[in-house]
Every structure is written in C-alpha cells, then in structure tokens.
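Next come the chains, spelled out residue by residue.
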Amino acid sequence: KQEVTQIPAALSVPEGENLVLNCSFTDSAIYNLQWFRQDPGKGLTSLLLIQSSQREQTSGRLNASLDKSSGRSTLYIAASQPGDSATYLCAVETNTGKLIFGQGTTLQVKP
Amino acid sequence: AAGVIQSPRHLIKEKRETATLKCYPIPRHDTVYWYQQGPGQDPQFLISFYEKMQSDKGSIPDRFSAQQFSDYHSELNMSSLELGDSALYFCASSPRRDLSTDTQYFGPGTRLTVL
C-alpha cells in the first residue's frame with residue numbers, strides 16, 4: 001500500500017531564506033508526483049508536476065526534484081516571502097489516476 | 001479559464017440527514033475525482049469516474065454513493081450523516097489523456113458541517 005510522508009510537519013523561517021520541503025513514498029510505481037499549495041480552509045493549487053521519467057521541474061522560485069528509485073522528492077523554495085506561508089502537500093498519482101497525499105508541511109515565513 | 005465548480009460551497013446538516021454535493025468539471029474533462037479532507041488531515045481519495053463509469057474506489061463509506069452524468073458533472077450523495085463526516089469535500093477533474101502528464105484541477109471544495 002502506497003504511503004506518503006512529509007517532513008517536517010511545520011516550518012518557520014525568516015523572510016528571504018531558502019528552504020527545502022521533503023516528501024517520501026513507499027512504492028516507486030507512480031505515474032507522477034505533484035506538489036500542491038493549500039491556504040487555510042481553501043482549495044488545492046497545483047504548483048509543480050513531475051512525471052515519473054523526469055528528475056525535476058522548475059517554476060519561478062520553486063524547484064521540485066524526484067528520485068523515484070529512492071522514493072523521495074524535494075520542493076525547494078528560493079528567497080521565501082511572507083506570501084509563501086501556506087501548507088504544502090505532495091501527492092503521488094497511481095495507475096488509476098487517484099492521488100495519495102502526504103500530511104503536508106505547514107510553512108510560516110516571517111517578515 | 002473555466003475552473004472546476006462545486007456546489008454548494010457550504011452545507012450544514014443534522015445527524016442522520018442526507019446531503020448531495022455537486023461537481024461540474026472543466027469543459028472537455030471526462031474524469032472526475034472526489035476527495036475528503038477532515039480537519040487537520042490530508043485529502044483522502046473517495047471515488048473516481050471516467051466517461052460516466054466508476055474507475056476507482058477508495059475509503060468511501062457504504063452510506064455514500066456517487067455518479068457521473070451524461071454532461072460529465074458528478075454528484076456525491078451522503079446519507080445517514082455522522083459527526084465524523086464533517087469535512088472539506090473536493091472534486092477534481094482531468095482530461096485523462098495521459099495520466100503521467102495530465103494534472104488534476106481541484107475545485108474550491110464544499111465544506112460540510114454535521115451538527
């Protein structure tokens with residue numbers, strides 16, 4: 001059974017810092033891995049999608065990497081801003097299309 | 001660009017009542033997924049439909065049922081509501097041409113509160 005784990009559960013950093021969020025999964029048979037952002041009580045916004053054959057994806061200050069063989073992904077956020085404060089969820093997509101989510105990392109960026 | 005529409009956005013019900021949540025996918029998306037996110041929890045997959053047929057089923061209680069209609073919108077019917085059903089219910093849609101590249105687009109969610 002696929003399990004997704006995110007570390008740390010919470011993170012507080014001063015504005016301007018670079019940071020790394022970690023995601024691990026137990027079954028390497030995935031179609032893709034996605035990183036989402038969720039603001040409190042709100043919906044899910046897709047940030048980056050990494051196909052199983054890819055190693056990384058970049059969008060602006062965000063860079064996500066994927067090591068399928070070791071079951072790990074990282075989300076790198078450069079030059080963090082207070083507006084980046086949110087919960088970040090990683091999810092792996094199975095062969096039926098369903099997403100299995102991690103518990104998320106709640107990020108607070110202090111001005 | 002059109003997004004996934006969910007209605008209602010908020011719903012308050014009493015225990016043992018019935019609720020119906022609706023999801024309207026992005027035009028030309030033929031696949032719909034339902035997820036349940038309890039307070040402080042990660043989203044849990046409930047059920048999915050592809051071309052109006054159920055394609056996968058997760059941890060969905062027997063009290064819940066769902067279907068996808070000819071216009072591709074989907075409804076999640078929840079009966080005999082329990083306090084533990086209080087959650088944010090997300091619908092997502094995808095064109096499902098290629099699972100490895102086609103992301104799921106999530107709706108804003110329906111917040112169900114069971115009193």
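Before any of the text, the structure's been laid out above.
This is a predicted model, so every value here is computed, not measured. One numbering rule holds for all chains: residues counted from 1, following each sequence as written. Chain letters start at A and ligand numbers start at 1, both assigned in the order the entries are written. Given that the model is predicted, a residue must reach a pLDDT of at least 70 before its local features are reported, and side-chain atom pairs must reach 80 or more before they are shown or counted; all residues, however, enter totals for whole chains, interfaces and linings. The side-chain figures draw on all heavy atoms in the structure; neither hydrogens nor water molecules are used.

Take the overall build of chain B next. Secondary structure follows DSSP: runs of H or I at least 4 residues long count as helices, runs of E at least 2 residues long count as strands, and numbering of each begins at the N terminus. Helix and strand content of chain B: 0 helices and 11 strands. Along its sequence from the N terminus, chain B presents helices and strands in the succession β-β-β-β-β-β-β-β-β-β-β. When its C-alpha atoms are laid out on the principal axes, chain B stretches across 40 × 25 × 20 Å. Relative accessible area decides the class of each residue, using a 1.4 Å probe on protein chains only: under 20% of the type maximum gives buried, over 50% gives exposed, and in between gives partly exposed. Looking at chain B as a whole, 49% of its 115 residues are labelled buried. Here, residues are in contact when the closest pair of their heavy atoms is within 4.5 Å. Taking all contacts inside chain B whose residues are at least 6 apart in sequence as the whole, residues at least 24 apart take part in 53%. Note that accessible areas follow from Shrake-Rupley with a 1.4 Å probe, and for residues the cover is restricted to the protein chains shown. Per element, the accessible surface of chain B, about 5,500 Å² overall, is 49% carbon and sulfur. In summary, the charge assignment counts Lys and Arg as positive and Asp and Glu as negative, without counting His or the chain termini. In plain terms, the charge of a residue is placed at NZ if it is Lys, CZ if Arg, CG if Asp and CD if Glu. Positive and negative charge centroids in chain B, built from 12 and 13 side chains respectively, lie 4 Å apart.

To continue, consider the sheet that holds strand β1 (residues 5-7) of chain B. All names here are of chain B. When DSSP locates at least two bridges between a pair of strands, those strands are taken to pair. Ordered in space as β1-β3-β8-β7, the 4 strands form an open sheet in which the pairing is antiparallel. The two strands at the open ends of the sheet, each matched to only one other strand, are β1 and β7 (64-68). Averaged over all pairs of adjacent strands, the angle between strand axes in this sheet comes to 15°, irrespective of strand direction. Sheet topology places strand β3 (residues 19-24) next to strand β8 (residues 74-78); 5 bridges connect them, and they run antiparallel. Here the axes come from fitting lines to C-alpha atoms, over the contacting stretch only for helices, and the angles between their N-to-C directions go from 0 to 180 degrees.

Residue and element names in this part refer to chain A. With antiparallel pairing, 5 strands are arranged side by side in an open sheet as β1-β3-β8-β7-β6. In this open sheet, the two edge strands, each paired with only one partner strand, are β1 (4-7) and β6 (56-59). The average angle at which neighbouring strand axes cross in this sheet is 15°, direction not considered. As defined by bridge partners, strand β7 (residues 62-67) adjoins strand β8 (residues 72-77) across 6 bridges and the pair is classed as antiparallel. Residue pairing for β8: Ser 65 is matched across the bridge by Thr 74.

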